[in-house]
Amino acid sequence: MATIKVESIARPEKAVSNFTYTDLKLDLDFSYTQNNELLKNKEIKDLVVDYDYAAIRNSIFNIITTVPGQRILNPNFGINLQKYLFLRVSETTARNIGNDILNAISKFEPRVKIQNINVEVDETNQQYEITLTLVMFTLETTSSFRLVGTLSNSGFFFNN
Amino acid sequence: MATEFNNYELPTDGYVAFDATSLKSLINTRLNANNIFTDQNFEGSNISSVIDIIAYAYHVLIFYLNRTSSESTFTTAELYENINKIVKLISYNPVGFQTSILSFLANATDSLLPGIYTIPRYSYFTLNGVNYSFNQDVTFAKTISGAEALLDLQENNLLYQGSYVQYPTYTATGEPFEVLTVTVVDSNGVNDIIDHFNIDVYVKDNSVPTPKWAKWTPTQSLYLERSNSTVYEIRLNENLRYEIKFGNNVTGKKLNENDEVAVYYLKSNGSSGEVGPGVLNGNKLFFYNTPQFTQIKNDTTPSNLSLITVLQASTLEFSNIDASTKFVDVESTESIKNNAINTFRSQYRLITSNDFINYVSKNYSNIISSVQAVNNWDYISGHLKYYFDLGVDKPNLQSRVLFNQVKFSDSCNFNNVYIYAVPKLEKLTSLTTRASYLNSAQKQLLLNDLQQVKLTTAEIIINDPVYVAIDIGILFPGEKLTPAVSDNTFIEIVREVTSKRNPESLKEQIKNIFANYFSTSKDNLGGIMSLTDITNQILALEGVKVINTVRTENGVKITIPGISLLIYNPVYPETDIQITTQDSKLPYYKFPFLNNVLDFANKITVITPSIQTLQQEF
């Protein structure tokens, strides 16, 4: 086994963080880690990141909005909610949607446990309101939180 | 610590061995080495998605890097464009399309007075909508006042499929090594099919007071030429267009500024231009004519030549008894790889047997399917001894040998180089079992060409192969071996009991394996007849379990496992005949053909064992 040495790339300092999970925030944006007006030019610019709750929220959003096959390197990733697009908005479909979300989150998001999934049918607007009650047991303090989103013919969006 | 971090444990060929998955894993490892990001380990995270995109993009780039790397070397290049450019480094010129060639018979009626006549170059016949043209001025003599067969004309000349086309006149810029690229495309942007060996270049030197057209000649390499040689190098480039390159007054004459260059090329109809026997019969000869060509003809035809007139041409009768040769596509990548090495080794001079073989097979692949070359010693100890052993007291008088010896050899034999060539086209006549020989005109064409590059002292004789028939045969004990043993001999195919294959289609497939293996278009002259190879091909067919050769005569049955091949010379079936059940190599002068190809499927029987038989077996 040969080794390639790249001396120009120095090892970065081990970061000390108060958070358990750190994810990239999309869309990409810069943040300023110092704010010393005298040293404005030397100010370190870094990418904005999401921590803990926000990071997990990203993950769940990605799971729900990714259709299997879209991630080339992991084609099984995601849920195919598009298959319900032309089906009648009904309790049965809502149950199926709930099951799909349950299976996918259990499979791809090990950081949370699902306490409850509630898929409500909104026949008037031809959409579903999905409420996820999740427990973040991997954080220092176990806490539960709710994510509420809407699934309609224009896609899935979180409401909170 | 820093050093440790900078150690990327990659294989030595890592940059090409990387793929998306390994890159993703590497990025994750590096991100895990510090705490800045953590979510790369969770598939759902944003950063994981971004890593996927980067890794995949890198993967695609690596794929193209690999493709590019492998396409840049001689051994690994597979694309025509690339191998064409690579072999240019060793001055190899790939061969382009080769049009069909037609041999003909010519007669002059008594209306043509005795004399010497010349048919002007590019004259043509129109046969069923396709043209066949002469590629040079053709001179013949009419010696008697009555009707006469024009042997000189028919034995030394051939017709080439296609019509000559005049390329727009090019005005030279006068630069050293000036290149003219012949670009002729149809309305769809597809290149016209130009015959590789029939592109003529004429140059009119406008720097002299009375400019005249002169025909320049092609050369293998300008670097072998003198400063005043009126030559050009022609090369089929990677875009399948011909590049005509002129000299620089050091190696090959340079074009002067405002010199005019006229190019005439033979535009072929491809495989749709092939014709069968008799198509030429009674067709009228047309003369090629354009204002520029008339001027060129006047300038380049020697004054002592008497060009035939339209009226005189109408007294000539042309016919053909052979079909045209097959149209040949551009040289393939594989072929370029083989021929480039051999040509480089020979440096365009024919010294060793292999040089002759390579040269002929490269340049005459439209006529010849298989070729061998031997010196006089090998010829005497091989081909002539073969006839001696057969009991032919004077092998030199054997008709084919004598024919070639008289037509193409001088009286001194020690310096002879015998080239055995098998034509691509099969000729089956009722008189002889197999008569696939090059005709005199084709042999003369080869000879004329080889004269330019052969060793000065070598005398070339184009010889005909000895055809041997291949059949299936088993000999009963005490029986005399004759071709008749094949009459009741069959190939027995034992089918898998579960096979659902139609026995008739299986027979047809097996017949095709034999027919293909012993096809005239195969390079089998002096080749190995591998029964192992044929057996493996048959066993690879779905449903075939066992192959036997079986002969039943008067109720007695003999079965031999595998294939028992009968090989005999149909001209000497009593003396040159043998049976073999193993791989064998033919001598350099023998070429195998499958006897009675059309009926061969009837020599195959397919049996399926019953379930009961299987139960007994187990």
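Residues numbered from 1 in each chain as written. Chains lettered and ligands numbered in written order. Predicted model: local features only at pLDDT ≥ 70, side-chain atom pairs only at ≥ 80, totals over all residues. Heavy atoms only, no water.

Trainee: Is there a simple way to think about the overall build of chain B in this case?
Mentor: A count of helical and extended segments in chain B gives 16 helices and 30 strands. Residue burial in chain B is summarised as follows: out of 618 residues, 51% are buried. Long-range pairs, those at least 24 residues apart, make up 75% of the contacts in chain B between residues at least 6 apart in sequence. (Helix = DSSP H or I, 4+ residues; strand = E, 2+ residues; numbered from the N terminus. Buried < 20%, exposed > 50% of the residue type's maximum accessible area, 1.4 Å probe, protein only. Contact = heavy atoms within 4.5 Å.)

Trainee: Would you take a moment to explain the overall build of chain A for this structure?
Mentor: A count of helices and strands for chain A gives 2 helices and 9 strands. Secondary structure of chain A in N-to-C order comes out as β-β-β-β-β-α-α-β-β-β-β. By the burial criterion, 36% of the 160 residues in chain A qualify as buried. Partitioning the intrachain contacts of chain A with sequence separation of at least 6 by distance along the chain shows that 44% fall at a separation of at least 24. Total accessible area on chain A is roughly 10,100 Å²; 49% of this is exposed by carbon and sulfur atoms. (Areas by Shrake-Rupley, 256 points an atom, 1.4 Å probe, with all protein chains shown as cover.)

Trainee: Is there a simple way to think about the nonpolar core in this case?
Mentor: Generally speaking, nonpolar side chains in soluble globular proteins are found buried as a group. Counting residues in each nonpolar core, the largest one holds 35 residues, and the members touching the most others are B:Tyr264, B:Val360, B:Ile368, B:Ile419, B:Leu450, B:Ile460 and B:Ile462. Leave out the neighbours within four places in its chain, and B:Ile419 touches B:Phe356, B:Val360, B:Val371, B:Gln372, B:Ala373, B:Leu450, B:Ile460, B:Ile461, B:Ile462 and B:Asn463. (Core = buried A, V, L, I, M, F, W, Y, C linked by side-chain atoms within 4.5 Å.)

Trainee: Just checking my understanding: could you explain the pairing of strand E8 (residues 143-152) of chain A for this structure?
Mentor: The two faces of the sheet receive side chains in turn, since in a regular strand these alternate between them. Residue and element names in this part refer to chain A. In terms of burial, E8 is a largely internal element, 7 of the 10 residues being buried. With 9 bridges joining them, strand E7 (residues 127-136) and E8 adopt antiparallel strand pairing. Across the sheet, residue Thr131 finds its bridge partner in E8, namely Val148. What sits between E7 and E8 in their antiparallel hairpin is a turn of 6 residues. (Pairing = 2+ DSSP bridges.)

Trainee: Which parts of the structure should I look at to understand the confidence of the model for chain A?
Mentor: For residues with low pLDDT, the predicted coordinates do not support detailed interpretation. When pLDDT is averaged along chain A, the result is 84; 81% of the residues meet or exceed 70. Within chain A, helix H2 (residues 91-108) of chain A carries the highest mean pLDDT (94), whereas strand E1 (residues 3-5) of chain A carries the lowest (55). (pLDDT = per-residue confidence, 0-100.)

Trainee: Would you mind going over the environment of B:Asn416 with me for this structure?
Mentor: Residue and element names in this part refer to chain B. Tracing the sequence through the fold places Asn416 in strand E19 (residues 416-423). Asn416 gets classed as buried once you look at its relative accessible area, which sits at 2%. In sequence terms Asn416 and Ile460 are 44 residues apart; their C-alpha atoms lie 5.7 Å from each other. Within the local environment of Asn416, its side chain forms a polar contact with the side chain of Tyr418, the two groups lying 3.0 Å apart. (Polar contact = N/O pair within 3.5 Å; in protein donor to acceptor, adjacent residues only side chain to side chain.)

Trainee: For this particular structure, what's the right way to read unusual backbone geometry?
Mentor: Leaving glycine out, the prevailing phi sign among residues is negative, and the prevailing peptide bond configuration is trans. Note that the residue after A:Leu26, namely A:Asp27, is joined by a cis bond; omega there is 0 degrees. Position of A:Asp27 among the secondary structure elements: in the loop between strand E2 (22-24) and strand E3 (30-32). Unusually for a residue other than glycine, B:Phe177 sits at a positive phi of about 50 degrees. Here B:Phe177 is to be found in the loop between strand E10 (163-171) and strand E11 (179-182). With phi around 60 degrees, B:Leu240 is a residue other than glycine that occupies positive phi space.

Trainee: I tried to follow the side chain of B:Asn569 on my own but got confused; where do I start?
Mentor: All names here are of chain B. Tracing the chain through its elements places Asn569 in the loop between strand E26 (565-568) and strand E27 (577-580). A polar atom in the side chain of Asn569 sits 2.8 Å from the side chain of Tyr386. The contact partners of Asn569, leaving out residues within four places of it in the chain, are Tyr386, Val466, Tyr467, Val468 and Asp576.

Trainee: When you look at the pattern of salt bridges in this model, what are you seeing that I'm missing?
Mentor: If charged atoms from side chains of opposite charge come close, those side chains can pair. The tally for this structure, following the rule as stated, stands at 23 salt bridges over all chains. Two residues, A:Arg71 and B:Glu43, come together in a salt bridge whose shortest N-O distance is 3.2 Å. With one member in each of two chains, A:Arg71 in the loop between helix H1 (52-65) and H2 and B:Glu43 in the loop between helix H3 (20-32) and helix H4 (46-70) form a pair that bridges those chains. One salt bridge connects B:Asp205 with B:Lys253, and the closest N-O pair in it is separated by 4.0 Å. Taken as a pair, B:Asp205 in the loop between strand E12 (194-204) and strand E13 (213-219) and B:Lys253 in the loop between strand E15 (242-246) and strand E16 (260-267) lie far apart in primary sequence, 48 residues in all. A single network of salt bridges, built from pairs that share partners, joins A:Arg71, B:Lys24, B:Glu43 and B:Asp52. (Salt bridge = Lys/Arg side-chain N within 4 Å of Asp/Glu carboxyl O.)

Trainee: How should the packing of aromatic side chains be read in this particular structure?
Mentor: Residue and element names in this part refer to chain B. Following the criterion strictly, the structure yields 38 aromatic pairs over all chains and no others. Judged by centre distance (5.7 Å) and plane angle (85 degrees), the rings of Tyr122 and Tyr288 are edge-to-face. One end of the pair, Tyr122, is in the loop between strand E4 (115-119) and strand E5 (124-127); the other, Tyr288, is in the loop between E16 and helix H7 (291-300), with 166 residues separating them in the sequence. Both residues of the pair, Tyr122 and Tyr288, belong to the buried class. Each residue in the set Tyr122, Tyr164, Tyr202, Tyr264, Tyr288 and Phe293 is aromatic and connected to the rest through ring pairs, giving one cluster. Between Lys245 and the ring centre of Phe177, over which it is positioned, the NZ or CZ distance is 5.0 Å. (Phe/Tyr/Trp six-rings, centres within 6.5 Å; stacked < 30°, edge-to-face > 60°. Lys NZ or Arg CZ within 6 Å of the ring centre and 35° of its normal.)

Trainee: Can you help me understand the sheet that holds E16(B) in this one?
Mentor: Adjacent strands of a sheet form backbone hydrogen bonds with each other and so pair up, either parallel or antiparallel. Residues and elements named next belong to chain B. Taken in spatial order, the 7 strands make up an open sheet running E10-E16-E12-E13-E14-E15-E11, and their pairing is mixed. Of all the strands in the sheet, just E10 and E11 have a single pairing partner and so form its edges. For this sheet, the mean angle separating the axes of adjacent strands, direction not counted, is 30 degrees. Two elements, E10 and E16, share 7 bridges in a ladder whose sense is antiparallel. When the bridges of E16 are listed, Tyr164 appears paired with Leu266. Relative to the sheet, H7 contacts E10, E12, E13 and E16, its axis offset from that of E13 by approximately 80 degrees. (Axes fitted to C-alpha atoms, helices over the stretch in contact; angles between N-to-C directions.)

Trainee: Explain H2(A) to me, please; I cannot follow it from the model alone.
Mentor: An α-helical segment advances 3.6 residues per turn. Residues three or four places apart therefore align on the same side. Residue and element names in this part refer to chain A. Across its 18 residues, H2 extends 26 Å between first and last C-alpha, which sits within 8% of the 26 Å expected from 1.5 Å per residue. Every buried residue belonging to H2 is among Thr93, Ala94, Ile97, Gly98, Asp100, Ile101, Ala104, Ile105 and Phe108, and all of these are buried. Down the axis of H2, the buried side of the element spans an arc of 165 degrees, and every buried residue falls inside it. For H2, the exposed residues lying more than 90 degrees away from the buried face are Glu91, Arg95, Ser106 and Lys107. As for H2, its buried residues are in contact with H1, strand E6 (113-122), E7 and E8. (Expected span 1.5 Å × (residues − 1). Arc of directions from axis to C-beta.)

Trainee: Just checking my understanding: could you explain the layout of surface pockets for this structure?
Mentor: One way to see where empty space is left: roll a probe the size of a water molecule over the atoms. All names here are of chain B. Of the pockets and cavities examined, the largest pocket occupies roughly 1,600 Å³. Taken together, 47 residues make up the lining of the largest pocket; nearest its centre are Phe197, Pro218, Tyr359, Asp449 and Gln452. Of all elements in the fold, only E12, E13, strand E14 (231-236), helix H10 (353-363) and helix H13 (440-451) reach the threshold of two or more residues within the lining of the largest pocket. In terms of residue count, the dominant contributor to the lining of the largest pocket is E12 (6 residues). (1 Å grid on protein atoms, 1.4 Å probe; cavity = no way out; pocket = protein on both sides within 12 Å on 5 of 7 lines; lining within 4 Å. Points joined across faces, edges and corners; volume = space filled by probe spheres on them.)

Trainee: Got a minute to help me understand the side chain of B:Asp464 in this structure?
Mentor: Along the chain, B:Asp464 falls in the loop between strand E20 (459-463) and strand E21 (466-472). When its relative accessible area of 2% is taken as the criterion, B:Asp464 is described as buried.

Trainee: Whenever I open this one, a negative patch on the surface confuses me. Can you help?
Mentor: A cluster of acidic residues, A:Glu91, A:Glu120, A:Glu123 and A:Glu129, forms a negative patch at the surface. Residue position: A:Glu120 is located in strand E6. (Patch = residues over 30% accessible without salt bridge, like charges linked within 9 Å, V, L, I, M, F, W, Y side chains within 5 Å. Lys, Arg positive; Asp, Glu negative; His and termini not counted. Charge placed at Lys NZ, Arg CZ, Asp CG, Glu CD.)

Trainee: Is there a simple way to explain the confidence of the model for chain B in this structure?
Mentor: Residues and elements named next belong to chain B. Overall, the prediction assigns chain B a mean pLDDT of 87, with 91% of residues at 70 or greater. When pLDDT is averaged over each element of chain B, E16 comes out on top at 97 and helix H1 (residues 2-6) at the bottom at 43. In this model residues 1-10 is a low-confidence stretch, pLDDT under 50, and it forms 28 contacts with partners more than four residues away in sequence or in other chains. Long-range and interchain partners of residues 614-618, a stretch whose pLDDT sits below 50, account for 3 contacts in this model, where long-range means more than four residues apart. The complex model carries a pTM of 0.65, and its ipTM stands at 0.83.

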